[in-house]
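Residues per chain, in single letters:
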Amino acid sequence: MKTQVAIIGAGPSGLLLGQLLAKQGIDNIILERVTGDYVLGRIRAGILEQGFADLVREAGVAERMDAEGEVHDGFDIASEGKRVRIDLKGLTGGKTVVCYGQVEITQDLMLAREAAGLQTFYEANDVQPQDVKTDAPSLTFEYQGESYRLECDYIAGCDGFHGVSRQTIPEEVRTEYERVYPFGWLGLLSDTPPAHSELIYCKHERGFALASMRSETRSRYYLQVPLADKVEDWSDDAFWAELKKRLPQDIAENLVTGPSLEKSIAPLRSFVCEPMQYGRLFLVGDAAHIVPPTGAKGLNLAASDVATLYKIMTRVYQQNDPDCISQYSDIALRRVWNGERFSWWMSNMLHNFGQMETGDMDAATFKRFMDSELGYFLGSENGRRVIAEQYVGLPYEELTD
Ligand code: FAS
Ligand code: PHB
């Protein structure tokens, strides 16, 4: 079995990359460990940067996103009883974000891949990259009880944080940077009308809360919870009662509650693996980096990795320029670290660290610094512009000639 680009993982990174490569006539096969339904069962991101939305349009898979996704011109940050709007459109010369669930975009990409007759092996087991430092790499894997080898020119490791790709880069070659936050996010999905027309990020002494949405009839909420909490510790009633305590009063008074469709706790970490490539193996998305969701960057950083690798593969095959693969890691990492810093910064400003460790200072001093930081950036147009231009996403970097 042979292809040009072998992709590990049928999450948003792998599916979007596969669709874009196919549009350029570059053959690709995806090997995915679980079923498609399992992939679609994971409720994750909800905000797409303009760059991501444009990439989905370029892939020819944007029809439902453009019809059902909601364009958001701004969002609120609530703190100390006040709500300050970050006017994305006004502060960035017209840039906005699209509110459209990761599940939806993943489903659209899956259906497009199937319609294009592109090959995906679901429930492919024990996928192992082989000979990635040679010009004849391959993937070995088990499928329906049989052993296979997929020969290829390049391997895209789109297999997420717990995948096999990053581990394929020898430890002595990899440098990993990490910060684990002393709390998690308890997320709840409900078929109730959103609390507000735009997102509200709430800093509160009881802990952070986020009011987001998926549509005019489906809402997504998050509460900062201690790492020791288990999702079974939180009944729906307990969730709603706590959320009302953290939301601004005028919003809480009109909150429509209802049964949860999904409830889960996600740990928060900042993580980057350098380099993001090794020979003909490229790490893409969560395989290489993780951000706390406070900046809505996780899925969007995966998209910018895809954009860079897509440009490189297009140049390799259409301009016969194999040397340009050496640009991938540096270009990808420059934007990744921007997203990491913004997500870390927003997490430090908006969460309640209580008496938890904050590195080089005591919790009370850290709180004073962060309260002042947030107050300054919300209190000045320049400060709000800094938040706005990071939130809509910095421009994607082009390849050098
Ligand atoms: P993914 O993890 O989505 O996909 C990797 C795929 O590879 C999976 O389908 C997996 O089954 C497969 N795989 C793994 N190992 C394999 C192997 N050995 N062989 C074959 N296949 C293998 N981002 C935001 O922007 N906003 C959010 O609110 C947000 N919330 C999140 C909540 C949670 C609980 C989590 C875990 C992440 C969240 N994220 C959020 C980040 C998330 O959206 C990721 O950035 C996004 O899923 C990245 O997509 P992929 O890189 O495709 O990785
Ligand atoms: C979401 O809707 O899931 C969401 C939105 C913005 C974030 C994090 C999560 O920063």
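Higher on the page you've got the structure.
Residues numbered from 1 in each chain as written. Chains lettered and ligands numbered in written order. Predicted model: local features only at pLDDT ≥ 70, side-chain atom pairs only at ≥ 80, totals over all residues. Heavy atoms only, no water.

**Side note on the sheet that holds strand E4 (residues 70-72)**
Turning to step 1, where the next piece is worked out: The antiparallel open sheet is built from three strands, whose spatial order is E3-E7-E4. Because the sheet does not close on itself, it has two edges, and the strands there are strand E3 (47-49) and E4. Shown here is a sheet whose adjacent strand axes are inclined to one another by a mean of 35°, direction ignored.
Turning to step 2, where the next piece is worked out: When E4 meets strand E7 (residues 97-99), the two strands line up antiparallel, connected through three bridges. Across the sheet, Glu-70 pairs through a bridge with Cys-99, a residue of E7. (Pairing = 2+ DSSP bridges. Helix = DSSP H or I, 4+ residues; strand = E, 2+ residues; numbered from the N terminus. Axes fitted to C-alpha atoms, helices over the stretch in contact; angles between N-to-C directions.)

**Side note on the packing of aromatic side chains**
One pair of aromatic rings is described through two measures. These are the centre distance and the angle between the planes.
Turning to step 1, where the next piece is worked out: A complete count under the given rule lists 23 aromatic pairs for this structure.
Turning to step 2, where the next piece is worked out: With a centroid separation of 6.2 Å and 45° between ring planes, the pair formed by Tyr-154 and Phe-282 is classed as tilted. Of this pair, Tyr-154 sits in strand E12 (residues 154-157) while Phe-282 sits in strand E19 (residues 281-283), and the two are 128 residues apart along the sequence.
Turning to step 3, where the next piece is worked out: Residue classification places Phe-282 among the buried residues on the basis of a relative accessible area of 1%. (Phe/Tyr/Trp six-rings, centres within 6.5 Å; stacked < 30°, edge-to-face > 60°. Buried < 20%, exposed > 50% of the residue type's maximum accessible area, 1.4 Å probe, protein only.)

**Notes on the layout of surface pockets**
Turning to step 1, where the next piece is worked out: Put simply, the second largest pocket is a space of about 330 Å³.
Turning to step 2, where the next piece is worked out: For the second largest pocket, the lining is made up of 21 residues, of which Ser-79, Glu-80, Lys-203, His-204 and Glu-205 are closest to its centre.
Turning to step 3, where the next piece is worked out: The set of elements that each furnish at least two residues to the lining of the second largest pocket consists of strand E5 (75-79) and helix H12 (363-379).
Turning to step 4, where the next piece is worked out: Of all the elements, H12 adds the most residues to the lining of the second largest pocket, at five residues.
Turning to step 5, where the next piece is worked out: Its residues assigned to classes, the lining of the second largest pocket shows seven nonpolar, eight polar and six charged. (1 Å grid on protein atoms, 1.4 Å probe; cavity = no way out; pocket = protein on both sides within 12 Å on 5 of 7 lines; lining within 4 Å. Points joined across faces, edges and corners; volume = space filled by probe spheres on them. Nonpolar A, V, L, I, M, F, W, Y, C, P; charged D, E, K, R; others polar.)

**Quick word on the packing of helix H1 (residues 12-23) against helix H3 (residues 50-58)**
Turning to step 1, where the next piece is worked out: Following both chains from N to C, one finds H1 and H3 inclined at 45°, their axes separated by 9 Å at the closest point. Compared by their axis directions, H1 and H3 come out oblique. Classified by chirality, the crossing of H3 by H1 is left-handed. Facing H1, whose interface residues are Leu-16, Leu-20 and Lys-23, H3 presents Phe-52, Leu-55, Val-56 and Glu-58.
Turning to step 2, where the next piece is worked out: Here the contact of H1 with H3 is composed, by residue class, of five nonpolar, no polar and two charged. (Parallel < 35°, antiparallel > 145°, perpendicular 65-115°, else oblique. Left-handed = near helix turned anticlockwise from the far one by under 90°. Contact = heavy atoms within 4.5 Å.)

**Some points on the nonpolar core**
The nonpolar side chains of soluble globular proteins are, as a tendency, buried together.
Turning to step 1, where the next piece is worked out: Within the largest apolar cluster, 78 residues are counted, with the highest numbers of intra-cluster contacts made by Leu-16, Leu-17, Leu-31, Phe-52, Met-65 and Met-313.
Turning to step 2, where the next piece is worked out: With residues up to four places along the chain from it excluded, the contact list for Leu-16 reads Phe-52, Leu-55, Val-56, Ala-59, Leu-109 and Val-306.
Turning to step 3, where the next piece is worked out: Residues Tyr-222, Ala-296, Met-349 and Leu-378 belong to the second largest nonpolar core, which totals 35 residues. (Core = buried A, V, L, I, M, F, W, Y, C linked by side-chain atoms within 4.5 Å.)

**Quick word on the site of ligand 2**
Turning to step 1, where the next piece is worked out: Near ligand 2 lie 14 residues; those nearest to it are Tyr-201, Ser-212, Arg-214, Tyr-222 and Pro-293.
Turning to step 2, where the next piece is worked out: For ligand 2, an oxygen atom lies 2.6 Å from a polar atom in the side chain of Ser-212.
Turning to step 3, where the next piece is worked out: Contact between ligand 2 and Tyr-222: an oxygen atom at 2.6 Å from a side-chain N or O atom of the residue.
Turning to step 4, where the next piece is worked out: For ligand 2, whose free accessible area comes to 280 Å², the fraction covered by protein is 97%.
Turning to step 5, where the next piece is worked out: Classifying every residue of the shell around ligand 2 by side-chain character gives eight nonpolar, three polar and three charged. (Near = heavy atom within 4 Å. Polar contact = N/O pair within 3.5 Å; in protein donor to acceptor, adjacent residues only side chain to side chain. Areas by Shrake-Rupley, 256 points an atom, 1.4 Å probe, with all protein chains shown as cover.)

**Notes on the sheet that holds strand E16 (residues 219-226)**
Turning to step 1, where the next piece is worked out: Within the open sheet, the eight strands sit side by side as E6-E5-E14-E15-E16-E13-E17-E20. Their pairing is mixed. A single partner strand is all that each edge strand has here, and the edge strands are strand E6 (82-86) and strand E20 (289-290).
Turning to step 2, where the next piece is worked out: With eight bridges connecting them, strand E13 (residues 175-190) and E16 associate as antiparallel partners. Each bridged residue has a counterpart across the sheet, and for Leu-186 the counterpart in E16 is Leu-223.

**Focus on helix H10 (residues 298-318)**
Turning to step 1, where the next piece is worked out: The terminal C-alpha atoms of H10, which comprises 21 residues, lie 30 Å apart, in line with the 30 Å expected from a rise of 1.5 Å per residue.
Turning to step 2, where the next piece is worked out: In terms of burial, H10 is a largely internal element, 17 of the 21 residues being buried.
Turning to step 3, where the next piece is worked out: Two residues or fewer past H10, Asn-320 is found with a positive phi of approximately 50°. (Expected span 1.5 Å × (residues − 1).)

**Side note on the pattern of salt bridges**
Turning to step 1, where the next piece is worked out: Tallying each qualifying case throughout the model produces 27 salt bridges.
Turning to step 2, where the next piece is worked out: Taking the shortest distance from any N to any O, the salt bridge between Glu-104 and Arg-64 comes out at 3.0 Å. Pair noted here: Glu-104 is in helix H6 (residues 102-115) and Arg-64 is in helix H4 (residues 63-68), with a separation of 40 residues, a long-range link.
Turning to step 3, where the next piece is worked out: Among the residues examined, Glu-104 registers a relative accessible area of 24% and is labelled partly exposed.
Turning to step 4, where the next piece is worked out: Of the charged contacts in the structure, one is a salt bridge between Asp-321 and Arg-315, with a shortest N-O distance of 3.8 Å.
Turning to step 5, where the next piece is worked out: By relative accessible area, which is 23% here, Asp-321 ends up partly exposed. (Salt bridge = Lys/Arg side-chain N within 4 Å of Asp/Glu carboxyl O.)

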